[in-house]
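# Analysis of the macromolecular model
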Amino acid sequence: MKRRAPAGAVRANGPACIIAICVAAWGAAWSIPGAGGALYAQVPGDTLTVAAGARYDAHGFIRFMNGANWRDLWVQPVRVPVLDVRTFAGGLTPLRAGGGNQSITLHFTDAQGMRWIFRSIDKFPERNLGAELTDTPASDIVQDHISALNPGSHFVMPALLEAAGVLHVRPRLFIMPDDPALGEHRRDFAGMLGELEERPDEGPDDTPGFAGSLSVKNTENFLDDLEDSPEHQLDEAEFLRARLVDMLVGDPDRGTDQWRFARFGDGPYTWRPIPADRDWALVRADGALVRLARRFYPKPVRFGDRYASVEAMTYSSHAVDRRLLTRLTRSDFAREGAHLQQVITDDVIAQAVAGMPPEYVALRGDEIASMLRARRDQLPAVAEAFYEWLATDVDVRGTDESDFAWIERRADGTVRVVLRSEAAPVMADLEANGAAGTGGIYYDRVFLPRETREVRVYLHGGDDHARVVGPPDGPILVRIIGGGGDDLLEDLAGGARLYDHRGDNRIGSSANTRFDDSPWIEPDSPEGLRANVLWAQNWGSDGGIGPAVTYRERAGFLLGAGAEFTRYGFRRAPYHWQAAGSVQYAPETGGIAAGLVLDYRMQNSSRSVNLAFDASNAETFRFNGFGNESSFSEAGGDVRLHRLTFRPSLVWHIGPRAGQAVNPDGSDEADDVPEDDEGAAAAIRWAPDAPRRLTGSFEVGPAFAWTNPRLADAAAFAVTTDAVTQVGMRALLDVRRTDRSAAPRRGFRVQASAAGYPLVTGVAEAAGSGDMAAHVAASVATYVPLLGDGLHLALRAGGEHAFGAYPFFDAPFLGGRHSLRGLPAYRYAGDATAFGGAELRMPLDSLVLLVRMETGVFAFADAGRVWHGGASPGGWHTGLGGGAWFAAFGRSASIAVARGEGTRLYAWFGMPF
């Protein structure tokens, strides 16, 4: 582990903060002071005055960008005792070092065999930032955002959790001594400021453990027990109270790693939650960067008088919340919210705030207490919003034993779901008593159509029996998902959706019942940045409005606003459907462009339906006539297109998708997937850019276009400028198989398109011949390593051909970034084009600007020509040049200078090809 200076050390003669603005794709960058300082001798039993994070003392531009946060608490000196590891709890023996994404921890055992954890108050996010961010200005920015955490947050929680009736630990603030008893950990932990707390665990030698429990497990193992047998049940009311306390203190970091669960009873067993790791309680993230980042990463909330959205507060916890709170109704949420509002009195809040170091209380105690009181008064409304967020799409979970599920549709649109531990109850018993039968019920809830859109009943393992009864269909969609046993799924009501691909199953269906036996493995739902991972959730929606900036070769830069809305759905990946639209202005042409795209993904399928609509009068280009010998005039030939297009298509997505394993070698065979149950492949990610896998898409569909071209000197070019209507079909293929997506060293990419327009109006014979128009285009790129993973060659060849009565503005063109660099865009036109290029690419050392980027340089040569009327006088045109590329996080950008007909500068998001 990298040695770090003790928290609280004063940094002497440190460099001044450097503020720089990088006008580049990576944004702004700056440096902040480090955590350096002298290592003072810490004697057990002494008391020292230290600051939790002197490095967060920032002003001016950094405070504006990163926020004021809790900087005053981090730099405030506090008096802290030095831990005596030889006498505390009879003596502490270090076991191992650990830590999560940011904290550093040291685990101990005491004289009685109980476990203790010492956790650093300061955080070190660089430990998990990855190669692109480590030791960069971006890592300094991330580190500085630790100032948004409250260094006293751990000590506020015990009084609140005690009042709520939730199991909890009682942390104490210490400085770790410089003591040989720490052994190999002395170098890393001596002088560190941290909080020491008991680790909730089982007792030694089968004795009662934490709070008298008989077993304590982490979230993953606890969920396994819930799935094993209905003998294991969670105290959901207590878990809900714990979650509402999380929201009271504004803690959005409550994922699976932030919980342990304690078991009580000899069977059936009751499990109680134990919240842990309160680093994010009272988090107060503000500043310009955070406000911008919240658009795609809502987790950094700002603790204040008002609550953040439920979506932000559950960003890390949604998987746990939706798994463990499905049995509770609106009245349960209302009861617990009102109960907490009553028991968390002003005195309790005062006691909670007083748990912080006195120096923190003097600085911010009154403010924090006032905010907690205001938030306490809103708890009933927060509980209701939390319930409504959970109630829309509900997952009901059975067990690996043989279960019976009774789903009763009712005339008022409600749906009752009952789970029993008996797989085959007596039919007469069911007919006489409905779901109740003779007992064994462990789940019973009525869902209301004004709250719930659909209910999904997962039966998991065992030989299960599910029956849907009542009126057909209804406003609440019912899905039943069989597990690994031999199941009987009956839909006597009609309209249910049944799924099972394992075991020897029997299906009883009625009208409108749908049964699906195709394999499926649930994708992992990541808790990290959604911008960096494909979030394949199966419920809910999100969206927003923001700025939209694009570049079109015919229109230049387009500036405006766009909106995107995404609906997620059952067994849809990456979403059920998505709608995105924008309205933009082109300063270069003075035109307006508007577009709308709808993408509908089919269930458990690689197919989707896409609808694209565009309206624009922003596109302009210079038309120089046909042939290789056409002259270029800066003064004439300007064409402006007024265009409407509508392109619906059916799309096949090629390559790994949700439900497929992706192995290191790029294979995705079903044999590589564990055969447990839904969610069995927790480590499997949807990886559309898996190495050495063929990925891409193929789409086909009708096309409609109406274009009104504006060309002042049309007669000089023997073309007409009547409005043109084209109705036909189009197909596009784009596939690749490369070793990486940012800057490929090996592999190939193929792009092809074809379009035919049986109906064309407004095109004169001078522009073509025949009663219809057609267009084909293709390009192939290949990447060949020359020196291992270093010097490599990139080759591209392509061409286009237009047939029949095509309009002049749809002619195959040559020139510009997409075909022949060094020529003006759309320089030459003809019935056909051919072009090719070669790039010699050489990687260089990484470059650190805001982040660490892979860099390289390349030299290139392009050539191409056009044909018109079957002839190609004038020969080949060429362009030569060189450039550089920059890559990080799987994305790249490149720039190049080319010499052909003049000297031209190019820039791309991505590689040139």
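None of these values were measured; they are calculated from a predicted model.

## Focus: the overall build of the protein chain
Helix and strand counts for the protein chain come out as 15 helices and 42 strands. Buried residues in the protein chain amount to 52% of all 913 residues. In the protein chain, 65% of the contacts between residues at least 6 apart in sequence involve partners at least 24 apart. When the accessible area of the protein chain is evaluated, it comes to approximately 37800 Å², of which 55% is carbon and sulfur surface.

## Some thoughts on the layout of surface pockets
As a volume, the second largest pocket reaches approximately 570 Å³. What lines the second largest pocket is a set of 23 residues, among which Glu553, Glu588, Pro824, Ala825 and Arg904 lie closest to the centre. Within the residue set of the lining of the second largest pocket, elements represented by two or more residues are β29 (607-622) and β42 (902-909). The residue makeup of the lining of the second largest pocket, split by class, is 10 nonpolar, five polar and eight charged.

## A closer look at empty space enclosed by the protein
Under the defined criterion, the tally for this structure stands at eight cavities of 30 Å³ or more. Within this model, the largest cavity holds a volume of roughly 220 Å³. As for the largest cavity, its lining consists of 19 residues, and the residues nearest its centre are Leu226, Gln233, Glu236, Arg323 and Arg397. Mapped onto the lining of the largest cavity, the elements with two or more residues apiece are β11 (232-234), α10 (318-324), β14 (393-397) and β17 (441-447). In terms of residue class, the lining of the largest cavity is made up of eight nonpolar, six polar and five charged.

## Some words on the packing of helix α7 (residues 236-248) against helix α14 (residues 379-391)
At a minimum axis distance of 11 Å, the contact between α7 and α14 shows a crossing angle of 115 degrees. Read as a crossing pair, α7 and α14 show a hand that is right-handed. Within the contact between the two elements, α7 uses Leu240, Arg243, Leu244, Met247 and Leu248 and α14 uses Leu379, Val382, Ala383 and Phe386. Among the residues making up the contact of α7 with α14, the classes are represented as eight nonpolar, no polar and one charged.

## Side note on the nonpolar core
If you look at the biggest cluster of nonpolar residues, it comprises 76 residues, and the most contacted ones within it are Leu160, Leu372 and Phe386. In terms of residue count, α14 provides more of this core than any other element does, eight residues in total. Once you skip the residues sitting within four places of it in the chain, Phe386 turns out to touch Leu240, Arg243, Leu244, Met247, Val310, Thr314, Asp321, Leu325 and Phe333.

## With respect to the sheet that holds strand β5 (residues 93-98)
One open sheet holds the five strands; their spatial order is β5-β6-β7-β9-β8, and the pairing between them is antiparallel. Two strands close off the open sheet at either side, each with one partner strand: β5 and β8 (172-175). The mean angle between the axes of side-by-side strands here comes to 30 degrees, regardless of whether they run parallel or antiparallel. One ladder, built from five bridges, connects β5 with strand β6 (residues 105-109); its direction is antiparallel. Across the sheet, the residue bridging to Pro94 is Phe108, located in β6.

## Quick notes on the side chain of Asp831
The topology assignment puts Asp831 in the loop between β37 (828-829) and β38 (832-848). Here Asp831 occupies a buried position and makes no salt bridge, while the nearest side chain of opposite charge, Arg865, is found at 13 Å. A polar side-chain atom of Asp831 sits 3.4 Å from a polar atom in the side chain of His868. With residues up to four places along the chain from it excluded, the contact list for Asp831 reads Glu800, His801, Ala802, Tyr806, Pro812, Trp867, His868, Gly869 and Gly870.

## A few points about the pattern of salt bridges
Applying the stated criterion to the full structure yields 53 salt bridges. Here Glu367 makes a salt bridge to Arg284, at a shortest N to O gap of 2.7 Å. You can see Glu367 sitting in helix α13 (residues 358-377) and its partner Arg284 sitting in the loop between β13 (269-275) and α8 (288-293), a full 83 residues away along the chain. Here Asp393 and Arg456 are joined by a salt bridge, their closest N and O atoms 3.9 Å apart. Of the two residues, Asp393 is situated in strand β14 and Arg456 in strand β18 (residues 454-458); the sequence distance between them amounts to 63 residues. There is no split in this pair, since Asp393 and Arg456 are both buried. The network of salt bridges with common partners includes Arg243, Asp246, Asp251, Arg254, Arg278 and Asp321.

## Some points on the confidence of the model for the protein chain
On average, residues of the protein chain score 86 in pLDDT, and 87% of them are at 70 or above. Here residues 658-691 is a poorly scored stretch, pLDDT under 50, and it has 73 contacts once near neighbours within four places are set aside; other chains count. Confidence over residues 765-769 falls short of pLDDT 50; this stretch has nine contacts with residues more than four positions distant or in other chains.

## A closer look at the packing of α7 against helix α11 (residues 330-343)
Packed helices, taken two at a time, are described by the angle their axes make and the gap between the axes. Running from amino to carboxyl end, α7 crosses α11 at an angle of 55 degrees, the nearest separation of the two axes being 10 Å. The orientation of α7 relative to α11 falls into the category oblique. The crossing of α7 and α11 is right-handed. Packed against α7, whose contacting residues are Ala237, Leu240, Arg241, Leu244 and Val245, the element α11 presents Asp332, Phe333, Glu336, Gly337, His339 and Leu340 at the interface. For the contact of α7 with α11, a count of residues per class yields six nonpolar, two polar and three charged.

## Details of the environment of Val776
Structurally, Val776 can be placed in strand β34 (residues 773-785). As for Val776 and Phe803, which are separated by 27 residues in sequence, their C-alpha atoms are 8.7 Å apart. If we skip the residues at most four places from it in the chain, Val776 touches Ser753, Ala754, Gly799, Glu800, His801 and Phe803.

## Quick look at unusual backbone geometry
For the bond running from Gly267 to Pro268, omega is 0 degrees, close enough to zero to count as cis. Among the secondary structure elements, Pro268 is positioned in the loop between β12 (259-264) and β13. The linkage connecting Ala573 with the following residue, Pro574, adopts the cis geometry, with an omega of 5 degrees. Looking at the element boundaries, Pro574 is found in the loop between β26 (556-567) and β27 (577-586). Backbone geometry places Ala211, a non-glycine residue, at a positive phi of 55 degrees. Residue placement: Ala211 occurs in the loop between β9 (193-198) and β10 (215-218). One non-glycine residue, Phe889, lies in positive phi territory at about 55 degrees. For Phe889, the location among the structural elements is in the loop between β40 (877-888) and β41 (891-900). Judged by relative accessible area, Phe889 falls into the partly exposed class, the value being 38%.

Rules behind the numbers
- Residues numbered from 1 in each chain as written.
- Predicted model: local features only at pLDDT ≥ 70, side-chain atom pairs only at ≥ 80, totals over all residues.
- Heavy atoms only, no water.
- Helix = DSSP H or I, 4+ residues; strand = E, 2+ residues; numbered from the N terminus.
- Buried < 20%, exposed > 50% of the residue type's maximum accessible area, 1.4 Å probe, protein only.
- Contact = heavy atoms within 4.5 Å.
- Areas by Shrake-Rupley, 256 points an atom, 1.4 Å probe, with all protein chains shown as cover.
- 1 Å grid on protein atoms, 1.4 Å probe; cavity = no way out; pocket = protein on both sides within 12 Å on 5 of 7 lines; lining within 4 Å.
- Points joined across faces, edges and corners; volume = space filled by probe spheres on them.
- Nonpolar A, V, L, I, M, F, W, Y, C, P; charged D, E, K, R; others polar.
- Axes fitted to C-alpha atoms, helices over the stretch in contact; angles between N-to-C directions.
- Left-handed = near helix turned anticlockwise from the far one by under 90°.
- Core = buried A, V, L, I, M, F, W, Y, C linked by side-chain atoms within 4.5 Å.
- Pairing = 2+ DSSP bridges.
- Lys, Arg positive; Asp, Glu negative; His and termini not counted.
- Salt bridge = Lys/Arg side-chain N within 4 Å of Asp/Glu carboxyl O.
- Polar contact = N/O pair within 3.5 Å; in protein donor to acceptor, adjacent residues only side chain to side chain.
- pLDDT = per-residue confidence, 0-100.
- Parallel < 35°, antiparallel > 145°, perpendicular 65-115°, else oblique.

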